[in-house]
Number of protein chains: 2
Amino acid sequence: MSREPAGENKPRLSRRALLTSAGAGGAGLAIGALAHAGLREAANSRAAANVVDFYGTHQAGITTAAQDRMHIAVFDVITEDRAKLIALLAQWTAAIAAMTQGRQIGSEDPASGSYDAPPADTGEAMDLDAANLSVTVGFGRSLFLTEADEPRFALAGKLPEALITLPHFSGDQIEAQRSGGDIVVQACADDPQVAVHAIRNLSRLGFGTVQVRWSQIGFGRTAKTTKAQATPRNLFGFKDGTANLLADDQDLLNQHVWVGADSTDQPWMVGGSYMVTRRIRMQIETWDRSALREQENVVGRVKSTGAPLSGGEEFSAPDFTMAGSAGPVIPVDSHVAVLHPSNHQGVQMLRRGFNYTDGSDVLGRLDAGLFFIAFVIDARTHFVPLQTAMSTNDAMSEYLRNTSSGLYAVLPGISEGQYLGQQLFES
Amino acid sequence: MSREPAGENKPRLSRRALLTSAGAGGAGLAIGALAHAGLREAANSRAAANVVDFYGTHQAGITTAAQDRMHIAVFDVITEDRAKLIALLAQWTAAIAAMTQGRQIGSEDPASGSYDAPPADTGEAMDLDAANLSVTVGFGRSLFLTEADEPRFALAGKLPEALITLPHFSGDQIEAQRSGGDIVVQACADDPQVAVHAIRNLSRLGFGTVQVRWSQIGFGRTAKTTKAQATPRNLFGFKDGTANLLADDQDLLNQHVWVGADSTDQPWMVGGSYMVTRRIRMQIETWDRSALREQENVVGRVKSTGAPLSGGEEFSAPDFTMAGSAGPVIPVDSHVAVLHPSNHQGVQMLRRGFNYTDGSDVLGRLDAGLFFIAFVIDARTHFVPLQTAMSTNDAMSEYLRNTSSGLYAVLPGISEGQYLGQQLFES
């Protein structure tokens, strides 16, 4: 499972050729410029290994088979200059296109780099391949309207009805400083250094235009997202996402995830989606001290196999009517009963969350849980009712604490030559 | 680079056989007990893939080829009962032996699990292989002596002279609550879920005896530790650890890392080592805005190739005497000049650190850097002089802030049947 940086397979730089001038002593500019050139050459001649397409009808990172690691950041725009915002989105688009190809940010012309300027790319992903990096961008309601409902960036008329302010749910302990925000950027990759590199370099390009409001690192996808993936386990030790909408089922995606012309008041959103984020801290210590019986009754599934308590295998349909000695075998307040699509008019989400661990809190308890991410066609129908049911009826809620909440309009995909958000700004 | 959980390759459970009784309705205990049995069977019949040996003269996780991820936790012992501490160390030893084999914690006898008790293992690594997990345990000075120099656990006479309190270094901004502590546990694996699972389950076993003082997650090893590994890059974008002591050079290890009978006042330490930890926050934003010339002069190496500024290739010896137009080509205050072994009587450390990113601080700046870990034969000769030189002379210090510091006596390795720390407690 350990692997060598992919750079090992890349064509070797002729370091000697680059550095012969060093022996003469007057290193300075000569070496620097040459080294810089070498850097670009090396970076850009790498084979395009583990590359996820950036361009398309939809953005990557939604139906892309979930990668192993995530770094998500939400930015607030600190200028009110629309042109400056658009310029940044264009810069970001070019940078994302390069990074998702496993290339360095910046010109491919080696002569363009100056030894007396900061490097265009921070460099820590230089020897790594693209690691299936996807970068997904969305806009929060606050980009369109201030809290006082004043328009920003002349976008008030472009606010989709579906981009609501999420309500307070029972038991929520939301921290404002790690919730909401103007622009979400979700970077996922199979190598954390690649995901972190992407967020860091986008932040850097945004200096003076945006600033990070909050960010989160995640690991270990928490939902099966394609037929080929096995169902992973969350930090409760249970398989998670067994009943997830699969990213390879096109009909269901059109019904539940992708915004179409007939499902939005804003034509620019066609091809987009809505992203719901919730940082759900798990009360790990309490959970770990509860009996296996309690854990399985809370989830409604067998811990080892993921099968519903009504029997069968992991993918067997749960039988909510099967009677046990004291009520249904699958308790009515179990997670699977409260949230199963069959109990919500068939509504489905494309879940794509990650586990997180942020060390320990002041009491020495693990600050860990699920960074929940779901993509839906409309949060009003596809998230709010389910979260309401969960926060009021679900036995699992006792072990959870929601500390962050966000809803973002995920931009439609673009073609080469376009910039992210162009459909909005030029509509 | 994406991979499926190794559980896909394991012998399939006969879920139908396990769950036939479910159809009868009286699920409860029957399913639970069987499922629990199935869990154990599945977990323990997995092929021993990606396993690092736990037993040996030295603990694993030191010369083990550095894995991709780390979760380190430091515990304080909250009992003064020596027998209770020893009992925990024995429990930890058994748990570590199981987890490093990719097995679940707990009895291998399926009948031993009770459906009415918490599971012996939290379960989130159930379908994953061992992922080259290593767990390395060490004791801090505070386990032997209180701050008032009163003995603890009758260990005062067993305190090695080398287990000093690290001094304050120029510029240190150490946070006490993430420094020091009684027992360090470093878990490294190629899958973060496996590393986090290990720390979480050891914490859980320790409930009532120890509590977490601080912990840290790291990713992307920051030093080349074996001949076969390529040199990775740190968050400054530079190759890091080019001049590291390699874990496959036995002579150097005996000279600089392993405690021998002639290098300690405490026979129980033979086969052990000393672990220095420093959480070094990098001033990323400042660094990213500095010119390539400045960056390379600070490091003393070419960013792209890792070669010293005096020329050659990555592994060429730096020539500190080579003159440039304004002083040496490799500046005297460059990182490589200040710390190179050739400038410190040949003293070498086995560095084995990880990058970290803990999100953003209140100002929106990335809280990221290097979690420095080094293993040395004696910190008084192999760390303090180097850190003193670095904190006073190294141009890189301007971009760094040390926020955590620790020194631990790494226990010698053990054989099957022994427990970690036995050489100390029974000497």
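Residues numbered from 1 in each chain as written. Chains lettered and ligands numbered in written order. Predicted model: local features only at pLDDT ≥ 70, side-chain atom pairs only at ≥ 80, totals over all residues.

S.K.: Just to check I follow, could you spell out the overall build of chain A for this structure?
M.R.: The helix and strand inventory of chain A stands at 11 helices and 11 strands. The 427 residues of chain A split such that 55% are buried. A sequence separation of at least 24 residues applies to 74% of the contacts in chain A between residues at least 6 apart. (Helix = DSSP H or I, 4+ residues; strand = E, 2+ residues; numbered from the N terminus. Buried ≥ 20, exposed ≤ 12 C-beta atoms within 10 Å, placed from the backbone. Contact = placed C-beta atoms within 7 Å.)

S.K.: Please clarify how the pairing of strand S1 (residues 69-77) of chain A should be interpreted in this entry.
M.R.: Each regular strand displays side chains that alternate between the two surfaces of the sheet. Residue and element names in this part refer to chain A. In terms of residue burial, S1 counts as a mostly covered element, since eight of its nine residues are buried. In this sheet, strand S3 (residues 183-189) lies alongside S1 in antiparallel orientation, the contact comprising seven bridges. The residue bridging Ala73 from the neighbouring strand is Val185, located in S3. (Pairing = 2+ DSSP bridges.)

S.K.: Quick question: what am I supposed to make of the nonpolar core here?
M.R.: Soluble globular proteins tend to pack their nonpolar side chains together in the buried interior. With 106 residues, the main nonpolar core has Leu133, Ile183, Val185, Ala187, Ala195 and Tyr274 of chain B as its most contacted residues. Leave out the neighbours within four places in its chain, and Leu133 of chain B touches Val52, Met99, Thr100, Ala187, Ala189, Val194, Ala195 and Ala198 of chain B. Ranked by size, the runner-up nonpolar core spans 105 residues in total, among them Ala60, Ile217, Phe372 and Leu424 of chain A. (Core = buried A, V, L, I, M, F, W, Y, C linked by C-beta atoms within 7 Å.)

S.K.: Just checking my understanding: could you explain the pairing of strand S10 (residues 366-376) of chain B for this structure?
M.R.: Residue and element names in this part refer to chain B. Burial analysis of S10 places nine of its 11 residues in the buried class, which makes it a mostly covered element. Judged from the eight bridges that link them, strand S5 (residues 273-282) and S10 form a sheet pairing that is antiparallel. Each residue of the ladder has a partner; that of Arg281, found in S10, is Gly369. Sheet topology places strand S8 (residues 350-351) next to S10; two bridges connect them, and they run antiparallel. The residue of S10 that forms the bridge with Arg351 is Ala374. Relative to S10, strand S9 (residues 354-360) runs antiparallel, the two sharing five bridges.

S.K.: Sorry if this is basic, but what is going on with the confidence of the model for chain A here?
M.R.: Detailed conclusions should not be drawn from predicted coordinates in areas where pLDDT is low. Across chain A, pLDDT averages 87, with 87% of residues at or above 70. Overall, residues 1-47 of chain A carries pLDDT values under 50, and its contacts beyond four positions in sequence, including any with other chains, amount to 96 contacts. (pLDDT = per-residue confidence, 0-100.)

S.K.: Sorry, what's going on with the packing of helix H3 (residues 82-100) of chain B against helix H4 (residues 192-205) of chain B here?
M.R.: A packed helix pair is summarised by two numbers, namely the angle formed by the two axes and the spacing between the axes. Residues and elements named next belong to chain B. Packing of H3 against H4 brings their axes to within 10 Å, and their N-to-C directions diverge by 155°. What the angle tells us is that H3 and H4 run roughly antiparallel. The chirality of how H3 crosses H4 is right-handed. Contacts between H3 and H4 involve Leu88, Gln91, Trp92, Ala95 and Met99 from the first element and Ala198, Asn201, Leu202 and Leu205 from the second. (Axes fitted to C-alpha atoms, helices over the stretch in contact; angles between N-to-C directions. Parallel < 35°, antiparallel > 145°, perpendicular 65-115°, else oblique. Left-handed = near helix turned anticlockwise from the far one by under 90°.)

S.K.: Before we go on, may I ask you to explain unusual backbone geometry in this structure?
M.R.: Only a minority of non-glycine residues have a phi that is not negative, and only a minority of peptide bonds are not trans. Residues and elements named next belong to chain A. A positive phi is found at Ala154, a non-glycine position, where the angle reads about 55°. Here Ala154 lies in the loop between strand S2 (134-140) and S3. Here Ala154 falls in the exposed class, since 10 other C-beta atoms lie within 10 Å of it.

S.K.: Honestly, the environment of Ile217 of chain A in this entry has me stumped. Any pointers?
M.R.: Note that Ile217 of chain A resides in strand S4 (residues 210-221). Measuring from C-alpha to C-alpha, the distance between Ile217 of chain A and Pro308 of chain A comes to 31 Å, with 91 residues separating the pair along the chain. Every residue in contact with Ile217 of chain A, bar those within four places of it in the chain, is listed here: His71 and Tyr356 of chain A together with Thr357 and Gly359 of chain B.

S.K.: Looking at this structure, I do not really get the environment of Ala223 of chain B. What am I missing?
M.R.: Residue and element names in this part refer to chain B. Inspection of the secondary structure assignment puts Ala223 in the loop between strand S4 (210-221) and helix H5 (250-256). C-alpha separation for the pair Ala223 and Val137, spaced 86 residues apart in sequence, amounts to 21 Å. Beyond its immediate sequence surroundings of up to four residues, Ala223 is in contact with Ala66, Asp240, Gly241, Asn244, Arg351, Arg352 and Gly353.

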